[in-house]
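Each chain, letter by letter, is given below.
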Amino acid sequence: MRNLMITGGAGFIGSNFARYILERYNDYRVLVYDKLTYAGNLDNLKDLMPNPRFAFVQGDICDAAKVREALETHEIDTIVNFAAETHVDRSLTDPGSFIMTDVYGTYVLLEAARTLGLERYHQVSTDEVYGQVLEGAAVETDPIHTRSPYSASKAGGDLMVLAYYASFGLPVTITRGSNSIGPYQYPEKVVPLFITNALDDLPLPIYGDGLQMRDYQYVLDHCEGIDIVLHRGVPGEVYNLGTGTETQNIVMARKLLALLGKPESLLQFVRDRPGHDRRYALNIEKIKALGWRPRHSFDEALEKTVRWYVENEWWWRPIKSGARFQEYYRAHYHGREVRPSSG
Ligand code: NAD
Ligand code: TYD
């Protein structure tokens, strides 16, 4: 395994993973293959462009000919697939794009990996495929119980990956990661949205009662987990990947305001997301048995993330002030405030 194609590598986790791999293995080459949707951003890869072991191709994972050409030209032996439509709220208004990329696109990559006889196909999946976990923690053998078009599409991808293992013997692995935070996360996701809103003294829109729980992990821990599964994981297996601890959204928001020295009056309760999963929680014993441990607590991850956004306005200001983001924000949040009932 030396020549990796990182699909979706111009997005949040994929770009962190590309950087991580190039730093960790000085004989590996990385090709980022990315469509550059609204979430893909070449600024995320700016520092990697001059590296002779790095290459970028703009392309859609649904385009079988282009995928094959990129794999052959760059003599790829391993695909790590991050490419996906990823935002639950957008999946409620445009499920079709999620089905195309997250299910059909996954199939296109698998078929290319199979016909070219690649060494490994790794699918970057999500804890959301288990659905909400109201008590305890999901183990890898738990049934899929998806509730949003995003998680349903990701689950479809996972099932296709496992089918290629069972039917064709393609050496696949899957990680089901929890909510990640850190540098280069598109500011539609809750943590970068809240940090950047707070920096501009704008309200932090809390969905519903804010008591929903997520396992927020630092993005480089997520990257290291994928690396360990790539190198030590057993083909055909699924590995949960998170901290194994959960935090309520309202607690996360208060901590973030405290770190920034901003007032709690910025918290603004808004109408809940339809079908909002109450809690995700992962049992992480299986990946720990491979030697992986999360290196950051939630507090450490949040602190590093806040610091990065404070220090990197050059990255997020153009996104947030752009017409595309402004339009999304207006359509999604305008008029959504829940006013406290008087008396
Ligand atoms: P992101 O939205 O930041 O980036 C997705 C990237 O995929 C973008 O660069 C986009 O241009 C690219 N892309 C989208 N459709 C494509 C297509 N058809 N062809 C090629 N490229 C395409 O996403 P992220 O947060 O970095 O998530 C990466 C992966 O990790 C996804 O598969 C997601 O489901 C999974 N995941 C994310 C989290 C999280 O907290 N962010 C947690 C668990 C799993
Ligand atoms: P998000 O970052 O969209 O990730 P996911 O829904 O995939 O877990 O949201 C994380 C949590 O934050 C989720 O419980 C929804 C909540 N949330 C808000 O309260 N306000 C917001 O503006 C957003 C985007 C999310």
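Residues numbered from 1 in each chain as written. Chains lettered and ligands numbered in written order. Predicted model: local features only at pLDDT ≥ 70, side-chain atom pairs only at ≥ 80, totals over all residues. Heavy atoms only, no water.

1. Points about the environment of F54
Keep this limit in mind: Comment: elements are numbered from the N terminus, with helices defined as DSSP H or I runs of at least four residues and strands as E runs of at least two. Should any heavy atoms of two residues lie within 4.5 Å, those residues are counted as being in contact.
With respect to the helices and strands, F54 occurs in strand β3 (residues 54-58). Considered as a pair, F54 and I284 are 230 residues apart in the sequence and their alpha carbons are 32 Å apart. Not counting residues within four places of it along the chain, the set of residues in contact with F54 comprises L22, V30, V32, L45, L48 and M49.

2. Overview of the sheet that holds strand β1 (residues 3-7)
Quick reminder of the rule: Whether two strands pair depends on DSSP finding at least two bridges between them. Axis angles are defined between N-to-C directions and span 0 to 180 degrees, where every axis is a line fitted to C-alpha atoms and, for a helix, only to the segment in contact.
The strand order across the open sheet formed by seven strands is β3-β2-β1-β4-β5-β6-β11, and the pairing between neighbours is parallel. Either end of the sheet is taken by a strand with one partner, and the two such strands are β3 and β11 (237-241). Across the sheet, the mean angle separating the axes of adjacent strands is 20 degrees when strand polarity is ignored. Alignment of β1 against strand β4 (residues 78-81), held across four bridges, turns out to be parallel. Paired with L4 across the strands is T78, a residue of β4.

3. Quick notes on a nonpolar patch on the surface
We apply this condition: Patches here are clusters of residues that have more than 30% relative accessible area and form no salt bridge, with a 9 Å joining cutoff for like charges and a 5 Å cutoff for nonpolar side chains (Val, Leu, Ile, Met, Phe, Trp, Tyr). All accessible-area figures derive from a Shrake-Rupley calculation using a 1.4 Å probe, and residue coverage is judged against the displayed protein chains alone. Within this document, salt bridges are pairs made up of a side-chain nitrogen of Lys or Arg and a carboxyl oxygen of Asp or Glu, the two lying within 4 Å of each other.
Nonpolar side chains collect at one region of the surface, where M100, Y104 and Y107 lie side by side and expose about 280 Å² of accessible area between them. On the secondary structure map, M100 appears in helix α4 (residues 95-116).

4. A word on unusual backbone geometry
The cut-off we apply is this: Accessibility here uses a 1.4 Å probe with only protein chains present; expressed as a share of the type maximum, an area under 20% marks a residue as buried, one over 50% as exposed, and anything in between as partly exposed.
Despite not being glycine, E75 shows a phi value in the positive range, around 50 degrees. Examined against the element boundaries, E75 turns out to sit in the loop between α2 (64-73) and β4. Even without a glycine there, the phi angle at D201 is positive, about 55 degrees. Summarising the element assignment, D201 is placed in the loop between α6 (190-199) and β8 (204-207). Exposure remark for D201: the relative accessible area of 47% places this residue in the partly exposed category.

5. What about the site of ligand 1?
How we decide: For this purpose, a residue is taken to be near a molecule or strand whenever a single non-hydrogen atom of the residue falls within 4 Å of it. Side-chain atoms alone can form a polar contact between residues adjacent in sequence; in general such a contact is a pair of N or O atoms within 3.5 Å, and within protein one must be able to donate a hydrogen while the other accepts it. Side-chain classes follow a simple rule in which Ala, Val, Leu, Ile, Met, Phe, Trp, Tyr, Cys and Pro form the nonpolar group, Asp, Glu, Lys and Arg form the charged group, and the remainder, Gly included, forms the polar group.
Within the structure, ligand 1 sits among 30 residues, and D34, T86, Y150, K154 and S180 are positioned closest to it. Contact between ligand 1 and L36: an oxygen atom at 3.4 Å from a main-chain N or O atom of the residue. V124 places a main-chain nitrogen or oxygen 3.4 Å from an oxygen atom of ligand 1. Here ligand 1, which alone exposes 830 Å², has 97% of that area covered by the protein. For the shell around ligand 1, the secondary-structure elements that each account for two or more residues are α1 (12-24), β5 (120-126) and α5 (149-168). Per element, the largest residue contribution to the shell around ligand 1 is three residues, and it comes from β5. Taken together, the residues of the shell around ligand 1 break down into eleven nonpolar, 15 polar and four charged.

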